[in-house]
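Take a look at the letters that make up each chain.
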Amino acid sequence: TGDLVQTDVAICGDTIVGVFGAYTGSREIDVTGKILVPGFIDTHLHIESSLVTPFEFDRCVLPHGVTTAICDPHEIANVCGLTGIHYFLESSSRTLMDIRVQLSSCVPSTHMETTGARLEACDSGPLHLAGSVDLATLLLAGPQDPLRTGPWPPRGAGPHDWLQSAEDLACRPCLARRCTHAAGPVCMSRLTPASVAARLLHG
């Protein structure tokens, strides 16, 4: 609503534990006449597009109240590939503000790109990331080899599983960007909604 509410704010350690009331504490700071707001969250940006490093971005925007940024390192990934993404991940672990790094979804942006960087599904590894934090993961393994592109640790070592299409396809495993089978992507057509639901219920 945009309304301003006059209130005390109670803090324990680094956590806000009370608002909209009157409180006393072992240490009290008088901020009468000041406006308190939560930390701002920038929900989408490309830090490298501002032509500064994550550290300089942190130095510039944090004093203005932006405490969290969700960044897509799309441009640096298109130029440097995984090296650029790893740089952002390492940098974000050392900034004062909370920088959340997304996996870039379009590297290259189009088939006409000439930078040379290319991220495939097995490079970005969302299944590996999910597996690393013990998030239950189900891979629908159509053309690919689940031992190569599936979640890690492999089946039996965590809450992970995969549903494999029929083994009798001569073109499996396939890492082609486009299906070359005469009948089209038959491997995926054999993964039915019923079979997926059954495996999820089983897990």
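Quick summary incoming for the structure in this document. (Residues numbered from 1 in each chain as written. Predicted model: local features only at pLDDT ≥ 70, side-chain atom pairs only at ≥ 80, totals over all residues. Heavy atoms only, no water.)

### Observations concerning the nonpolar core
Grouped together as the largest cluster of nonpolar side chains are eleven residues: Leu45, Ile47, Phe57, Val61, Val66, Ala69, Cys71, Ile76, Phe88, Met97 and Ile99. Sorting the residues of this core by element identifies α1 (54-61) and β4 (66-71) as the ones contributing at least two each. The biggest single contributor to this core is β4, with three residues. For isoleucine 76, the contacting residues outside a window of four places in its chain are Glu48, Gly81, Gly84, Tyr87 and Phe88. (Core = buried A, V, L, I, M, F, W, Y, C linked by side-chain atoms within 4.5 Å. Buried < 20%, exposed > 50% of the residue type's maximum accessible area, 1.4 Å probe, protein only. Helix = DSSP H or I, 4+ residues; strand = E, 2+ residues; numbered from the N terminus. Contact = heavy atoms within 4.5 Å.)

### Observations concerning the sheet that holds strand β3 (residues 40-45)
Spatially, the three strands line up as an open sheet ordered β3-β4-β5, and their pairing is parallel. Edge positions in the open sheet fall to β3 and β5 (98-101), since each of these has one partner strand only. Strand-to-strand, the axes of this sheet are offset by a mean angle of 15 degrees, without reference to chain direction. (Pairing = 2+ DSSP bridges. Axes fitted to C-alpha atoms, helices over the stretch in contact; angles between N-to-C directions.)

### Some details on a nonpolar patch on the surface
A grouping of Val5, Val9, Ile11, Ile16, Val19, Phe20, Ile29, Val31 and Leu36 is seen on the molecular surface, where their side chains present a nonpolar patch of about 890 Å² in accessible area. Those elements giving two or more residues to the nonpolar patch turn out to be β1 (8-12) and β2 (15-21). In terms of residue count, the dominant contributor to the nonpolar patch is β2 (three residues). In this structure, phenylalanine 20 sits in strand β2. (Patch = residues over 30% accessible without salt bridge, like charges linked within 9 Å, V, L, I, M, F, W, Y side chains within 5 Å. Areas by Shrake-Rupley, 256 points an atom, 1.4 Å probe, with all protein chains shown as cover. Salt bridge = Lys/Arg side-chain N within 4 Å of Asp/Glu carboxyl O.)

### Re α1
All of the buried residues in α1 are Pro54, Phe57, Asp58 and Val61. The buried side chains of α1 occupy one side of the element, clustering within an arc of 100 degrees when seen end-on. Where the residues of α1 are buried, they touch β3, β4, α3 (82-92) and β5. (Arc of directions from axis to C-beta.)

### Concerning unusual backbone geometry
One non-glycine residue, phenylalanine 20, adopts positive backbone phi at about 60 degrees. The backbone of leucine 51 sits at a positive phi, close to 65 degrees, despite the residue not being glycine. Its place among the elements puts leucine 51 in the loop between β3 and α1. We classify leucine 51 as exposed; its relative accessible area is 78%.

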